[in-house]
Amino acid sequence: MAARLSLPEEELTCSICCNIFRDPVVLKCTHSFCGPCLQQYWTGKRGRRDCPLCRTQNLDDPIPSLTLKNLCECYVQEESQDVEGSGGELYCDPGELCPLHGEKLKLYCLLDKEPICVVCHTSRKHKQHDCCPISEAVVDVKEKLLSALSSLQEKKESFENMKKNYEDTVTHIQVQTRFVERRTHEEFEKLHAFLRVEEESRMEALRSEEEQKTAEMRRKMEELETNVSRVSETIRVLEEEMSQEDISVLRNCGRTLERANIPVQDPVMASGVLIDVAKHIGSLSFQVWEKMQKIARYNPVTLDPNTAAPWLVLSDDLTSICDSDEKQKLPDNPERFDPDTAILGREGLTSGRHSWEVDVGDNTAWVVGVAKESVKRKEKVNSVLKNGYLCVYFYHNMYFAGTSPLTRLGLKRNPQRIRVLLDCDEGRVSFDDPHNNTHIYTFKHSVTEAMFPYLWVGCQKCPLAVRPVEVSLNVAEYFKQVGFLNPTA
């Protein structure tokens, strides 16, 4: 038994009469119609031979389609058999019928974007409108839906990735919080330990002064007691002599008066016997603060971990970096460098003069300098002036200044430390070797946006470290600055 046709009915239907093709013909534009229907359509056009669907003019006669005719005859035969087998009942979904004409919806009006029947196509409302078969319109719509679906799926994936990034960021925020808590406790414990030792030292000095001056007062009191006893004895002897009568007083009076006239120094309160309260508590907090210079370190540049590339290992005090082979799992926030193994300082500089020193040691690949706030951080770029960097480089045992193109620097010795001097007001960035104050290079570039200290490291041999500086809390220097030559005046 022959297999049933797989073509849908609309593929075998004339768009003019809406019935299965009778004596089908095909036009040059490839649209097919019933031969009689097409001739009747053209008769109403008064000699104008255009395609009822696409309106293309056809000067050539339509070509009979034998293949299409055979397909239609087979289809009609099969439909007849189906009707006989089902008792002659035909069913059509009401949604596929034109609500105005009751005809099957076989065309799609491209202008009004709605399905229509053949009668609608010849009506005044849709006359001269471009139309296409329903099947073609369905294909077009599905392609649009597929494109929209693909776009939404990409957007959904983007949202899910961002949600995961947010979740990782929350976890990282918690890690950062615990790290800051630990470092804060450690730093304050150093201060507390220093203060406890300082307090105990001052209490010990106070107790020592108390014991010393108390002992001195007790010695003075013992001397006074001795003098009191001596004077009391003399008073007793004098009273006894005075109690005698007549000539007895005369016999001993000389010796008694001589004893009574022995000079005894009057007691006088000595100076400086009290506790020097002013010495102990005068400007106490400042004195302690001044001594804290021995334990309190000041770094002119604090590195910002939120800008550090994932391959960098940052010290706990945020002053040095080292390269590594392992990429850390860090949030991909906009400030972070990736893939460049770089980091910025925390503070952006826009005015004034600033200086800091970086230990480069025996590192075989490094970049030291400043970078503009607008530098690209999510792509690997050459760190040169035109990209927003003012730096010096050491790579392949050669030194360069970050000009465009690079400027080769002929240094006589390999500096272990680089000093960076940024003058925002003058628009100048200079580099020196602080070991012998040798000038390395100077950029002259106006500062139009915030400039950040910049470090890049390309080897794991040793870290790059920002050097701390000594800060002096000198009272004499303060008085000199305010115009007093003698601080005690």
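On a predicted model such as this, the values are computed, not experimentally measured, just so you know.

Q: How would you sum up the packing of helix α4 (residues 134-243) against helix α7 (residues 284-291)? Please name residues and give values.
A: With their axes 11 Å apart at the nearest point, α4 and α7 run at an angle of 125° to one another. Relative to α7, the element α4 is oriented oblique. For the pair α4 and α7, the sense of crossing is right-handed. Touching F194, L195, E198 and R202 of α4 are L284, Q287, V288 and K291, all from α7. Across the contact of α4 with α7, the residue classes tally to 4 nonpolar, 1 polar and 3 charged.

Q: A description of the state of the cysteines should follow, citing residues and the corresponding values.
A: On inspection of all chains with the given rule, the structure shows 0 disulfides. The closest cysteine sulfur to the non-disulfide-bonded C17 is located on C37, 3.7 Å from its own sulfur.

Q: Break down the pattern of salt bridges for me, with residues and values.
A: A full pass over the atoms with the stated rule returns 32 salt bridges. Between D338 and K327 there is a salt bridge, with its nearest N and O atoms 3.6 Å apart. Taken as a pair, D338 in the loop between β8 (320-323) and β9 (342-344) and K327 in the loop between β8 and β9 lie far apart in primary sequence, 11 residues in all. D338 gets classed as buried once you look at its relative accessible area, which sits at 19%. Given a relative accessible area of 45%, K327 falls into the partly exposed group. A salt bridge links D423 to R428; its shortest N-O distance comes to 3.8 Å. The buried category is assigned to D423, whose relative accessible area is 8%. On the basis of relative accessibility, which here comes to 30%, the residue R428 falls in the partly exposed class.

Q: Describe the UniProt feature "coiled-coil region" (unreviewed entry) in the protein chain, with residues and values.
A: Mapped onto the present numbering, the UniProt feature "coiled-coil region" (unreviewed entry) falls on residues 142-169 and 196-241. With 100% helix and 0% strand, the stretch residues 142-169 has end C-alpha atoms that lie 40 Å from each other.

Q: An account of the packing of aromatic side chains is requested, with residue identities and associated values reported.
A: Evaluation of the coordinates by the stated rule reveals 8 aromatic pairs. Ring geometry for Y441 and F443: centres 5.0 Å apart, planes at 70°, overall edge-to-face. As far as the burial class goes, Y441 and F443 line up, both buried. Taken together, the ring pairs in this structure connect F337, Y389 and Y454 into an aromatic cluster.

Q: Please set out the sheet that holds strand β5 (residues 114-116) residue by residue, giving values where relevant.
A: Taking strand neighbours across the sheet as the criterion, the 3 strands line up as β5-β4-β6 in an open arrangement whose pairing is antiparallel. The strands lining the two open edges of the sheet, one partner per strand, are β5 and β6 (131-133). Looking at each pair of strands side by side, their axes are set apart by 35° on average, direction ignored. Packing against the sheet, α4 makes contact with β4 (107-109), β5 and β6, and its axis sits at approximately 95° to β6.

Reading guide: rules and limits
Residues numbered from 1 in each chain as written. Predicted model: local features only at pLDDT ≥ 70, side-chain atom pairs only at ≥ 80, totals over all residues. Heavy atoms only, no water. Axes fitted to C-alpha atoms, helices over the stretch in contact; angles between N-to-C directions. Helix = DSSP H or I, 4+ residues; strand = E, 2+ residues; numbered from the N terminus. Parallel < 35°, antiparallel > 145°, perpendicular 65-115°, else oblique. Left-handed = near helix turned anticlockwise from the far one by under 90°. Contact = heavy atoms within 4.5 Å. Nonpolar A, V, L, I, M, F, W, Y, C, P; charged D, E, K, R; others polar. Disulfide = S-S within 2.5 Å. Salt bridge = Lys/Arg side-chain N within 4 Å of Asp/Glu carboxyl O. Buried < 20%, exposed > 50% of the residue type's maximum accessible area, 1.4 Å probe, protein only. UniProt positions renumbered as here; feature names shortened; annotations may be inferred. Phe/Tyr/Trp six-rings, centres within 6.5 Å; stacked < 30°, edge-to-face > 60°. Pairing = 2+ DSSP bridges.

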